[in-house]
Amino acid sequence: MRDFSYLRAGSVDAARQASALPGAMLLAGGTTLIDLAKCGVAEPDTLVDITHLKGLDAITVDDRGATIGALAKMSSIADHADIKSRFPAVSEALWQAASAQIRNMATIGGNLMQRTRCPYFRDRENFPACNKRTPGSGCSAIGGVTRGHAVLGTSEACIATYPGDLAVALVAFDAIVHLGDRQVQVEDFFLLPGTTPDKEHAIQQGEVITAISIPGTPAARRSTYLKVRDRQSYEFAAASAAVGIEFEADGRTIRDLRVALGGVATKPWRARAVEAALKGKVLEADVVRRASLLAMEGAVDHGANHYKIELAPRVVARAILKMGETA
Amino acid sequence: MTNQTTIHLTINGHQHELEIEPRVTLLDALRDHLGLTGTKKGCDQGQCGACTVHVDGQRVLACLTLAAQVEGRAVTTIEGLAEADGTLHAVQAAFLEQDAFQCGYCTPGQIMSAVACIREGHAGSDDEIREYMAGNLCRCGAYPHIVAAVRQAATEVAS
């Protein structure tokens, strides 16, 4: 790991100023940044440690929704009683992510800044070509081993999968990132790779994530996060779905539906076509299965990741049907 | 030119002053600067759990934590788990009784993780133990005995 200087921010304003300087990066839980610094992928000149800031880790939940301070740990959000009861998909996405140790370190703000696990991105020595790491250098994944790569939202420059779980649930429920006074929808916070895969987030150097808020809705209250993976725990998703549902008074007709996908796209992926196809319909297994196929509209595989195109709609259908069973 | 900085750490209740580079991880500070080699370096990239320690009572990975970050926080390592008179912690005793290791390299991390797992209330069933201990890999494959040890210790701690 290359040497850097270390600065402990005394306030959010100080963190903004210090991190605005070239070569400076904010350090929170460190589970992505220190890891990538060891790989030689992140090369900060200065780390601005914000973990000692007070008052940025509060979790407040009321009828309007939840507001979670940027420094709240993944573990404390996952175990929070009101998050579990009002936003089950958020809690489930969190406790199924990473390991208990990492969840105790990682903050919700840092979680949004998590980088891809694309092995070519992480291996600078053996794969110099990576447009996300070194713009214009090419993509080693295209034509390489692609089993974990994205089938949605890809470009000719990059097919790296967005690896996280939490943001998938956040996108499903229209959560908002607070960057001090500026607010951005979580869905817009994540950028498609296009021709600039190095630019992953709608955040400027010197901006600090201060909180995440999630509107309280009946669909969020009746929600789940289903994660399918190669091993049962401590593994990234092969395909995952955050699903929330609200029924009409008859308990069968779908009034509101939220569907977002993980493990298959270059960013947390909202599946609006599935939502639109099922709203107003009576929940029936074959109707749900057929509509779930719409989640893969526009999907492009790169050989070994073709299975995701079949897998993801099944995950979506299973999650929707599971929410229907509890009607 | 070196970029040394002075930091003060509280490890197992003892104060230490260190002259280190800011890039030194808590794991390297413990092992190479303080001689506390009970905490193991397995993968050194946050995937195996061998370096698990407690910071303010929470289990974390020492390999992805900078030593400078834990200034002012209480760090507990495997060396700080037993009583002053040498009486083993219930989890340590259970690992011995259940023969919950083979080569022993992952064991300090497993034990630190298990102590926290029980304290968090995530040791309610074998499935829950497996899920919440998933961040600690054992390449010898002693998992069934590890689960038995955690279950035994959880029962003892509760009673």
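These numbers come from a predicted model, not from an experiment. (Residues numbered from 1 in each chain as written. Chains lettered and ligands numbered in written order. Predicted model: local features only at pLDDT ≥ 70, side-chain atom pairs only at ≥ 80, totals over all residues.)

## Section: the interface of chain A and chain B
Here is step 1: The partner chain B presents 24 residues to the 20 residues of chain A that form the contact.
Here is step 2: Every element with two or more residues in the side of chain A that touches chain B is listed here: strand 1 (5–8), helix 2 (33–39) and helix 6 (100–105) of chain A.
Here is step 3: The element that contributes the greatest number of residues to the side of chain A that touches chain B is helix 6 of chain A, accounting for five residues. (Contact = placed C-beta atoms within 7 Å. Helix = DSSP H or I, 4+ residues; strand = E, 2+ residues; numbered from the N terminus.)

## Observations concerning the packing of helix 2 (residues 90–97) of chain B against helix 5 (residues 143–158) of chain B
Residue and element names in this part refer to chain B.
Here is step 1: Across the interface, helix 2 lies against helix 5 with an axial gap of 8 Å and an inter-helix angle of 140 degrees. The orientation of helix 2 with respect to helix 5, classified from their angle, is oblique. Classified by chirality, the crossing of helix 5 by helix 2 is right-handed. Facing Ala90, Val91, Ala94, Phe95 and Glu97 of helix 2, the residues of helix 5 in contact are Ala149, Gln152, Ala153, Glu156 and Val157.
Here is step 2: Its residues assigned to classes, the contact of helix 2 with helix 5 shows seven nonpolar, one polar and two charged. (Axes fitted to C-alpha atoms, helices over the stretch in contact; angles between N-to-C directions. Parallel < 35°, antiparallel > 145°, perpendicular 65-115°, else oblique. Left-handed = near helix turned anticlockwise from the far one by under 90°. Nonpolar A, V, L, I, M, F, W, Y, C, P; charged D, E, K, R; others polar.)

## Remarks on the domain arrangement of chain A
Here is step 1: Splitting chain A by domain gives domain 1 (5–49) and domain 2 (218–325).
Here is step 2: Centre-to-centre, using C-alpha coordinates, domain 1 of chain A lies 36 Å away from domain 2 of chain A. (Domains from an automatic or database assignment.)

## With respect to the sheet that holds strand 8 (residues 211–215) of chain A
Residues and elements named next belong to chain A.
Here is step 1: Ordered in space as 4-5-8-6-7, the five strands form an open sheet in which the pairing is antiparallel. Each edge of the sheet is formed by a strand with only one pairing partner; in this case those strands are strand 4 (59–62) and strand 7 (182–185). Averaged over neighbouring strand pairs, the angle between their axes works out to 15 degrees when direction is ignored.
Here is step 2: The sheet contact formed by strand 6 (residues 176–179) and strand 8 spans three bridges and is antiparallel. Directly across from Ile176, in strand 8, lies its bridge partner Ser213. (Pairing = 2+ DSSP bridges.)

## Description of the environment of B:Cys43
All names here are of chain B.
Here is step 1: With respect to the element layout, Cys43 can be found in the loop between helix 1 (26–33) and strand 3 (52–55).
Here is step 2: Under the C-beta neighbour-count criterion, Cys43 is labelled partly exposed, with 13 such atoms within 10 Å.
Here is step 3: When the C-alpha atoms of Cys43 and Cys63 are compared, they prove to be 8.7 Å apart, with 20 residues separating the residues in sequence. (Buried ≥ 20, exposed ≤ 12 C-beta atoms within 10 Å, placed from the backbone.)

## What to know about the domain arrangement of chain B
Many analyses report the size of an interface as the accessible area lost when the parts associate.
Residues and elements named next belong to chain B.
Here is step 1: Looking at the assigned domains, one finds that chain B contains domain 1 (5–80) and domain 2 (90–158).
Here is step 2: Taking only C-alpha atoms, the centre of domain 1 and the centre of domain 2 are 21 Å apart.
Here is step 3: Counting only elements with at least two residues in the side of domain 1 that touches domain 2, the list comes to strand 3 and strand 4 (58–61).
Here is step 4: Ranked by the residues each element gives to the side of domain 1 that touches domain 2, the list is headed by strand 3, at three residues.
Here is step 5: Each residue belonging to the side of domain 1 that touches domain 2 can be placed in one class, and the counts come to five nonpolar, seven polar and two charged.

## Structural notes on the sheet that holds strand 11 (residues 254–262) of chain A
Residue and element names in this part refer to chain A.
Here is step 1: Strand order in the open sheet formed by four strands is 9-10-11-12, with antiparallel pairing between adjacent strands. On the outer flanks of this sheet lie strand 9 (223–228) and strand 12 (269–270), each paired with one strand and no other.
Here is step 2: Pairing analysis gives six bridges linking strand 9 to strand 10 (residues 239–247), with the strands arranged antiparallel. Across the sheet, residue Leu226 finds its bridge partner in strand 10, namely Ala241.
Here is step 3: Where helix 5 (residues 88–95) meets the sheet, it contacts strand 9 and strand 10, and its direction lies at approximately 25 degrees from that of strand 9.
Here is step 4: Set on the sheet, helix 14 (residues 307–325) makes contact with strand 9, strand 10 and strand 11; between it and strand 10 the angle comes to about 30 degrees.

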